[in-house]
Amino acid sequence: MNRSMLLGAVCLAAAACLAGCGAKGETADPKAEAPPPAQVVQEGGSDIVKVDKPGQFSLATATEYAAVPELRATGAVAVDVSRNVPVVSLASGRILEVHARLGDSVTKGQLLMRVQSNDLAQAFSDYRQAGADETLTRAQLDRAKLLYDKGAIAQKDVEIAEDANAKAKIAVLTAQEHLRVLGADKDRPSSIVDVTAPISGVITDQQVTAAAGTQGLASPSAFTISDLSQVWILCDVYENDLHFVRTGETAEVHPNAYPSMVLRGRIDNIGPILDPNLRTAKVRLQVANPSHALRVGMFVTATFRGEKKAAHAVVPASAVLHLHDRDWVYMPVNGTEFRRVPVVGGNMVPPGLQEIVSGLLPGDKVVANALVLQNTSEQ
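Residues numbered from 1 in each chain as written. Predicted model: local features only at pLDDT ≥ 70, side-chain atom pairs only at ≥ 80, totals over all residues. Heavy atoms only, no water.

1. Section: helix 4 (residues 155-181)
Because each turn of an α-helix spans 3.6 residues, side chains separated by three or four positions end up pointing in the same direction. The end-to-end C-alpha distance of helix 4, which contains 27 residues, comes to 40 Å, matching closely the 39 Å that a straight helix rising 1.5 Å per residue would cover. If you check which residues of helix 4 are buried, you get V158, A161, N165, A168, V172, A175 and L179. In this fold, the buried residues of helix 4 make contact with helix 3 (118-149). At the C-terminal side of helix 4, G183 shows a positive phi close to 85°. (Helix = DSSP H or I, 4+ residues; strand = E, 2+ residues; numbered from the N terminus. Expected span 1.5 Å × (residues − 1). Buried < 20%, exposed > 50% of the residue type's maximum accessible area, 1.4 Å probe, protein only. Contact = heavy atoms within 4.5 Å.)

Written out as structure tokens, the structure reads:
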């Protein structure tokens, strides 16, 4: 078959196909060939529970309860900076011994470290020289007075001797004061300085180590001693809740480490500047800590109370369902259906009641045991 014959056969086949598709002058309808539209069947909400025997779930009526509104805020224990005392050695030199470490409890006057100081050695040398000069000028003054009595010298020579002796006494007193400032005893000459604790407390900062004889004082403040019998609690309070806190009022402090412990703190400062990212202000509490149960860095929960009482609903504690980090109650819709309603739970109220801050009004009816209904709906 040659090329022209093959081309003719193809054209005849194409013409036959077009004639079959275009019979009676009709064209294909694309809508007829499209799939049928999807139909959405709406079901009841997931918060609706339908039961066959609603009578087995007893109902309870929410009652009104007036209580002072509360605000809970997290905080941390911090050192009261007014009770921080640095341990300073005015005599520079080499550290010979370190007798305390970070975290130790120390008492006033306790030896913390020993320093070998050239400053102290020079101060003792100056004190000895001043003493020798004072002894010499006193002898010269006595001799001048004797010669003046015999008419051998003039009055001005006696006055010069008196002035020299007075200056020598001043030099002695100055040298003694220098030794006292350096922490040395004038009657016990030594180049070793004993650095003692100025107060009783806990060492909360240390800038020296026990590398005896190899290290000098790296900081003017070798240690920092903190009196932890009074501490600060620093809480973060959101901008919208600042009306709960007022300077001078008290708050309850619950340490996370001791759930049964309740302390009272006084609000002594509310930060004037908000955190621009979190929109919180620092609220500072002063708390007595005589037993040192509160340690620096501990987390606590502080409870602040409002000025006026607010009326809220209360229901049996069993009527509140704790699910997915939220609180819920079941309210009857009709004879066989119950709706799960989100609420904001508050404090427990004896006997066996729980406060509902929002989501429920006094007089509303709820299922008395929400957990039983929840378990029944899941079966």
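This is not the end of the story, as more comes after the structure.
2. What to know about the sheet that holds strand 10 (residues 201-206)
Here we have 4 strands laid out as an open sheet, ordered 5-11-10-7, and antiparallel in their pairing. The open sheet has two edge strands, strand 5 (84-88) and strand 7 (105-106), and neither has a second partner. In the sheet, strand 5 pairs with strand 11 (residues 221-226) via 5 bridges, with the strands oriented antiparallel. Considered in strand 11, the bridge of V85 is made with I225. (Pairing = 2+ DSSP bridges.)

3. What about the pattern of salt bridges?
Tallied over the full model, the rule gives 14 salt bridges. A salt bridge links R246 to E249; the nearest nitrogen and oxygen atoms lie 2.8 Å apart. Of the charged contacts in the structure, one is a salt bridge between E252 and R305, with a shortest N-O distance of 3.0 Å. Highlighted residues: E252 in strand 13 (residues 250-255) and R305 in strand 16 (residues 299-305), separated in sequence by 53 residues. What makes E252 buried here is its relative accessible area of 18%. (Salt bridge = Lys/Arg side-chain N within 4 Å of Asp/Glu carboxyl O.)

4. Observations regarding the sheet that holds strand 9 (residues 192-196)
An order of 6-8-9 is seen for the 3 strands of this open sheet, with the pairing classed as antiparallel. Two strands bound the open sheet, and with one partner strand each, they are strand 6 (94-98) and strand 9. Each neighbouring strand pair of the sheet contributes to a mean axis angle of 25°, computed without reference to strand direction. In terms of strand pairing, strand 6 meets strand 8 (residues 111-116) through 4 bridges, oriented antiparallel. Of the residues in strand 8, the one forming a bridge with E97 is R114. (Axes fitted to C-alpha atoms, helices over the stretch in contact; angles between N-to-C directions.)

5. Considerations on the side chain of T137
Mapped onto the elements of the fold, T137 is located in helix 3. With a relative accessible area of 10%, T137 lands in the buried category. A polar contact of 3.0 Å, which involves the side chain of T137, links it to the backbone oxygen of E134. Ignoring any residue separated from it by four or fewer positions in sequence, one finds T137 in contact with A161, A164, N165 and A168. (Polar contact = N/O pair within 3.5 Å; in protein donor to acceptor, adjacent residues only side chain to side chain.)

6. Description of unusual backbone geometry
A cis geometry characterises the amide bond from P350 onward to P351, with omega recorded as 0°. Unusually for a residue other than glycine, R279 sits at a positive phi of about 60°. Among the secondary structure elements, R279 is positioned in the loop between strand 14 (263-270) and strand 15 (280-288). Here R279 falls in the partly exposed class, since its relative accessible area comes to 38%.

7. Details of the nonpolar core
Within the largest apolar cluster, 25 residues are counted, with the highest numbers of intra-cluster contacts made by L112, M113, F223 and I225. Those elements giving two or more residues to this core turn out to be strand 8, helix 3, helix 4, strand 9 and strand 11. Those residues in contact with L112 that lie beyond four places of it in its chain are V87, E97, V98, H99, A100, V106, V195, T196, A197, F223 and I225. If you look at the next biggest cluster of nonpolar residues, it comprises 24 residues, including A73, V202, I233 and F304. (Core = buried A, V, L, I, M, F, W, Y, C linked by side-chain atoms within 4.5 Å.)

8. Details of the packing of aromatic side chains
In this structure the tally under the stated criterion is 1 aromatic pair. Centroid distance F57 to F338: 6.3 Å. Interplanar angle 80°. Geometry classified as edge-to-face. With F57 in the loop between strand 1 (48-50) and strand 2 (59-61) and F338 in strand 20 (residues 337-349), this residue pair connects regions lying 281 residues apart in the sequence. With respect to class, F57 is no different from F338; both count as buried. Positioned above the aromatic ring of W232, the side-chain terminus of R284 is 4.2 Å from the ring centre. (Phe/Tyr/Trp six-rings, centres within 6.5 Å; stacked < 30°, edge-to-face > 60°. Lys NZ or Arg CZ within 6 Å of the ring centre and 35° of its normal.)

9. Brief notes about the packing of helix 3 against helix 4
Running from amino to carboxyl end, helix 3 crosses helix 4 at an angle of 160°, the nearest separation of the two axes being 8 Å. When the interaxial angle is binned, helix 3 and helix 4 end up roughly antiparallel. The hand of the helix 3/helix 4 crossing is left-handed. Taken together, the residues that form the contact of helix 3 with helix 4 break down as 16 nonpolar, 7 polar and 7 charged. (Parallel < 35°, antiparallel > 145°, perpendicular 65-115°, else oblique. Left-handed = near helix turned anticlockwise from the far one by under 90°. Nonpolar A, V, L, I, M, F, W, Y, C, P; charged D, E, K, R; others polar.)

This is a description of form; function is not addressed.
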